[in-house]
Amino acid sequence: DSGVTQTPKHLITATGQRVTLRCSPRSGDLSVYWYQQSLDQGLQFLIQYYNGEERAKGNILERFSAQQFPDLHSELNLSSLELGDSALYFCASSVDPSGRNEQFFGPGTRLTVL
Amino acid sequence: AQTVTQSQPEMSVQEAETVTLSCTYDTSESDYYLFWYKQPPSRQMILVIRQEAYKQQNATENRFSVNFQKAAKSFSLKISDSQLGDAAMYFCAYGSSNTGKLIFGQGTTLQVKP
């Protein structure tokens, strides 16, 4: 158990819908990362937050947005869902935003868009 | 932009034998970190080993060791005395020192034969 929790574990929805994925980082970790793992794109970095502020952005679609709240949990919002958004979404956390610290990954949320 | 390449989609090793997984990367940064992550069928991402780019000494963790060749931008993982539990997908990852975001290779599926 990494100490990072993600809810829900599985999500099945239809095209055009909107969903919210939730992540609670390890106690004491201020930095949160979101990654997407799909068959055709592999593992991709989406976005990073540190202590409530956006720190780095990767290949995140405009239909996707995220935020980190004062209690440090983070939410990833996916809207106007398409079939290609079906993937495993990971949240990871670390103590600070530098690369020197290990990122601890949550179990992931498997999103299926029908 | 940084890239990570794993040229071996699949590898196979006999139990108790040694196997080496290859990884190359490209970057213009001088300060960075390299990681190997293991993803078993449960899909949980587990850190296997990490290497700081400024350290010349190769990292080791029990049966796992790396061969870090900075000039060649090569970062291979050696697994000694392979065990059935080592069967998994292995990802090589580049960690930016500034942001900490991870850039992953395509992954290598390791099969361990009894």
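Residues numbered from 1 in each chain as written. Chains lettered and ligands numbered in written order. Predicted model: local features only at pLDDT ≥ 70, side-chain atom pairs only at ≥ 80, totals over all residues. Heavy atoms only, no water.

**Considerations on the overall build of chain A**
Within chain A, the regular secondary structure consists of zero helices and 11 strands. Along the chain direction, N to C, the helices and strands of chain A fall in the order β-β-β-β-β-β-β-β-β-β-β. In terms of overall size, chain A behaves like a compact globule, its C-alpha atoms giving a radius of gyration of 13 Å where 114 residues would be expected to give roughly 13 Å. Dimensions of chain A, computed from C-alpha atoms along their principal axes, come out at roughly 35 × 30 × 25 Å. When the 114 residues of chain A are sorted by exposure, 53% land in the buried category. (Helix = DSSP H or I, 4+ residues; strand = E, 2+ residues; numbered from the N terminus. Rg over C-alpha atoms; globule rule 2.2 N^0.38 Å. Buried < 20%, exposed > 50% of the residue type's maximum accessible area, 1.4 Å probe, protein only.)

**Re the state of the cysteines**
Summed over the entire model, instances satisfying the criterion amount to two disulfides over all chains. Disulfide pairing places cysteine 23 of chain A opposite cysteine 91 of chain A at an S-S distance of 1.8 Å. Disulfide cysteine 23 of chain A to cysteine 91 of chain A: torsion about the S-S bond roughly -50 degrees, handedness left-handed. Remark: cysteine 91 of chain A occurs in strand E9 (residues 87-94) and cysteine 23 of chain A occurs in strand E3 (residues 19-24); sequence separation between them is 68 residues. Here cysteine 23 of chain B connects covalently by a disulfide to cysteine 92 of chain B, the sulfurs 2.0 Å from one another. Measuring the twist about the S-S bond at about -70 degrees, one finds the cysteine 23 of chain B-cysteine 92 of chain B disulfide to be left-handed. Residue cysteine 23 of chain B is found in the loop between strand E3 (19-21) and strand E4 (24-26), and its partner cysteine 92 of chain B is found in strand E10 (residues 88-96); the two are separated by 69 residues along the sequence. The pair cysteine 23 of chain B / cysteine 92 of chain B is uniform in exposure class, with both members buried. (Disulfide = S-S within 2.5 Å.)

**Points about the nonpolar core**
Formed by 26 residues in total, the largest nonpolar core has its most connected members in Tyr25, Trp36, Phe75, Leu77 and Tyr90 of chain B. Mapped by element, the contributors of at least two residues to this core are E3, strand E5 (32-39), strand E6 (46-52), strand E8 (64-69), strand E9 (74-79), E10 and strand E12 (108-113) of chain B. When residues of this core are assigned to their parent elements, the largest contribution, four residues, is made by E10 of chain B. Val4, Val19, Ile60 and Ala87 of chain A belong to the second largest nonpolar core, which has 21 residues in total. (Core = buried A, V, L, I, M, F, W, Y, C linked by side-chain atoms within 4.5 Å.)

**Regarding the sheet that holds E3 of chain A**
Residues and elements named next belong to chain A. Spatially, four strands are ordered E1-E3-E8-E7 in an open sheet, and the strand pairing comes out antiparallel. This sheet does not close on itself; its edge strands, each paired only once, are strand E1 (5-7) and strand E7 (64-68). Across the sheet, the mean angle from the axis of one strand to that of its neighbour is 15 degrees, orientation sign disregarded. (Pairing = 2+ DSSP bridges. Axes fitted to C-alpha atoms, helices over the stretch in contact; angles between N-to-C directions.)

**So, the interface of chain A and chain B**
Every contact between the two is made by 23 residues of chain A and, on the other side, 18 residues of chain B. Of the roughly 1600 Å² buried where chain A meets chain B, counting both sides, 53% is carbon and sulfur surface. When the buried area of chain A at its contact with chain B is split by residue, Leu43, Gly99 and Phe105 of chain A rank highest and sum to 32% of it. Viewed at the interface, chain B and chain A are joined by zero salt bridges. At the junction of chain A and chain B, the tally comes to seven residue pairs in polar contact (both at pLDDT 80 or more). At the level of secondary structure, the elements contributing two or more residues to the side of chain A that touches chain B comprise strand E4 (31-38), strand E5 (42-50), strand E6 (53-57) and E9 of chain A. (Contact = heavy atoms within 4.5 Å. Buried area = accessible area lost by both parts, 1.4 Å probe. Salt bridge = Lys/Arg side-chain N within 4 Å of Asp/Glu carboxyl O. Polar contact = N/O pair within 3.5 Å; in protein donor to acceptor, adjacent residues only side chain to side chain.)

**Describing the layout of surface pockets**
Of the pockets and cavities examined, the largest pocket occupies roughly 650 Å³. Along the wall of the largest pocket there are 28 residues; nearest its centre are Ser38, Gln41, Gly42, Leu43 and Gln44 of chain A. For the lining of the largest pocket, the secondary-structure elements that each account for two or more residues are E4, E5 and E9 of chain A together with E10 and strand E11 (102-104) of chain B. Broken down by element, the residue count for the lining of the largest pocket peaks at four residues, all from E5 of chain A. Of the residues contributing to the lining of the largest pocket, the split by class is 11 nonpolar, 12 polar and five charged. Quantified by volume, the second largest pocket comes out at close to 180 Å³. As for the second largest pocket, its lining consists of 13 residues, of which Asp1, Ser2 and Phe105 of chain A together with Gln44 and Met45 of chain B are closest to the centre. Considered class by class, the residues forming the lining of the second largest pocket number eight nonpolar, three polar and two charged. (1 Å grid on protein atoms, 1.4 Å probe; cavity = no way out; pocket = protein on both sides within 12 Å on 5 of 7 lines; lining within 4 Å. Points joined across faces, edges and corners; volume = space filled by probe spheres on them. Nonpolar A, V, L, I, M, F, W, Y, C, P; charged D, E, K, R; others polar.)

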